[in-house]
Amino acid sequence: MADDEEKNYWQQQPSEAQGMPQDSPLTDSQDNSQAQPQDELPPEIAPLTWTAHEHIDAVRGPLWFIAFFVIVAVLVAFSVLLLQSWSFSLLIVVMAIAFVIYTRRPAQLMTYTVSPQQGVYVGEHLHPFNEFRAFGILQDGEHSSVVLLLRKRFAPGVSLYFPLEVGEQLVDILGEYLPMETVKLDVVDAIVRKLRM
């Protein structure tokens, strides 16, 4: 009996010295203060979710379409007269039609989630943080976007448009995992954005 008391001396609580029975269970308040659920994340590292359009829709006037078809006609004339290639001319026409259909497609509303444990979700597609080497902020008129720069060379960056109210928290989360850089549009991104105008 004396051996049992010596083995259990470190388990005594201050309340036991005040007369609480040794084997009485802890109260609910004590139990809640000592055990916290492990699957709940603190607010500062909780996933951030928002919805925004995948790109900015712009109204294209008749002048844009006239200029586009003039460029296509010049390319077709060049391929027929100088290259004498009807197949290349046909390819130019098919690409022009596909591009017009693409530009007239309205921007979809996407759900974005930045999860500190997993990475960046664009819709249901996950991009782990190790796919990226850095991120930066771009201002596209009155719209703001985060550009995630991929580690692969010549791969276009992943752009996430976001509302102003999530901007600070978004930069804080990304800054924990990626360095922030000043980003500029490369030639391909600049052309794509101009053609969307």
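As the structure is a prediction and not an experimental result, all values here were calculated from the model. Sequence order as written defines residue numbering, which begins from 1 separately in each chain. Confidence filtering applies because this is a predicted model: local features only for residues at pLDDT of at least 70, side-chain atom pairs given and counted only at 80 or more, and all residues used for totals across whole chains, interfaces and linings. Calculation of side-chain values draws on the structure's entire complement of heavy atoms; hydrogens and water are dropped beforehand.

Undergrad: Can you lay out the packing of aromatic side chains for me, pointing to particular residues and giving the numbers?
TA: Pairing of aromatic side chains here covers Phe, Tyr and the six-membered ring of Trp, requires ring centres within 6.5 Å, and sorts the geometry by plane angle: under 30 degrees stacked, over 60 edge-to-face, intermediate tilted. Tallied over the full model, the rule gives four aromatic pairs. Each ring, one from tryptophan 50 and one from tyrosine 112, has its centre 5.5 Å from the other, and the planes form 25°; the classification is stacked. Of the two residues, tryptophan 50 sits in strand β1 (residues 48-53) while tyrosine 112 sits in strand β2 (residues 109-115), which places them 62 residues apart along the sequence. Tyrosine 112 gets classed as buried once you look at its relative accessible area, which sits at 1%. Of the aromatic side chains, those joined through ring pairs into one cluster are Phe68, Phe69 and Phe99. Helix and strand assignments follow DSSP, with helices taken as H or I runs no shorter than four residues and strands as E runs no shorter than two, numbered in order from the N terminus. With a 1.4 Å probe rolled over the protein chains alone, any residue whose accessible area is under 20% of its type maximum counts as buried; one over 50% counts as exposed, and the rest are partly exposed.

Undergrad: So what about the packing of helix α4 (residues 62-81) against helix α5 (residues 86-104)? Which residues, and what values?
TA: Helix axes use the C-alpha atoms of the stretch in contact, all axes being lines fitted to C-alpha atoms, and the angles between their N-to-C directions lie in the range 0 to 180 degrees. Packing of α4 against α5 leaves a shortest axis separation of 8 Å and a crossing angle of 165°. Here α4 is positioned roughly antiparallel relative to α5, judged by the angle of their axes. Considering only the axes of α4 and α5, their crossing is right-handed. Taken together, the residues of α5 that come into contact with α4 (itself represented by Trp64, Phe65, Phe68, Phe69, Val72, Leu75, Val76, Ser79 and Val80) are Trp86, Phe88, Ser89, Ile92, Val93, Ala96, Phe99, Val100, Thr103 and Arg104. For this classification, under 35 degrees means roughly parallel, over 145 means roughly antiparallel, 65 to 115 means roughly perpendicular, and everything else is oblique. By the definition used in this description, the sense in which the near helix is turned from the far one sets the handedness, with an anticlockwise turn below a right angle giving left-handed and a clockwise turn giving right-handed. Between two residues, a contact is recorded if the distance between any of their heavy atoms is within 4.5 Å.

Undergrad: Could you give an account of α4, naming the residues involved and the relevant values?
TA: Its 20 residues place the ends of α4 28 Å apart at the C-alpha level, agreeing with the 28 Å of an ideal helix rising 1.5 Å per residue. Three or more residues of α4 are buried, namely Trp64, Phe65, Phe68, Val72 and Ser79. Considered in projection along α4, the buried side chains sweep an arc of 95° and stay on one side of the axis. Away from the buried face of α4 by more than 90 degrees, exposed residues Pro62, Leu63, Ile66, Val74 and Leu81 are located. The span expected for a helix works out to 1.5 Å for each residue beyond the first. Relevant arc is that of directions from the helix axis to the C-beta atoms, nothing else.

Undergrad: Could you give an account of the sheet that holds strand β3 (residues 119-122), naming the residues involved and the relevant values?
TA: Across the sheet, which stays open at both edges, the four strands sit in the order β1-β2-β3-β4 with antiparallel pairing between neighbours. Single-partner strands in this sheet number two, and they are β1 and β4 (125-127). Mean inter-strand twist for the sheet, computed between neighbouring axes without regard to direction, equals 20°. Any two strands with at least two DSSP-identified bridges between them are counted as paired. Here β3 pairs with β4 via three bridges, running antiparallel.

Undergrad: Explain a nonpolar patch on the surface to me, and be specific about the residues and the numbers.
TA: Together, Phe78, Leu81, Leu82, Leu83, Phe88, Leu91 and Met95 make up a nonpolar patch on the protein surface, roughly 740 Å² of accessible area in all. The element best represented in the nonpolar patch is α5, accounting for three residues. For phenylalanine 78, the position within the fold is in helix α4. Classification of phenylalanine 78 by relative accessible area gives partly exposed; the value is 41%. Put simply, a patch holds well-exposed residues, over 30% relative accessible area, that have no salt bridge, with like charges counted together within 9 Å and Val, Leu, Ile, Met, Phe, Trp or Tyr side chains within 5 Å. Each accessible area is a Shrake-Rupley estimate made with a 1.4 Å probe; only the visible protein chains count as cover when residues are assessed. Salt-bridge detection follows one rule: a side-chain nitrogen of Lys or Arg within 4 Å of a carboxyl oxygen of Asp or Glu.

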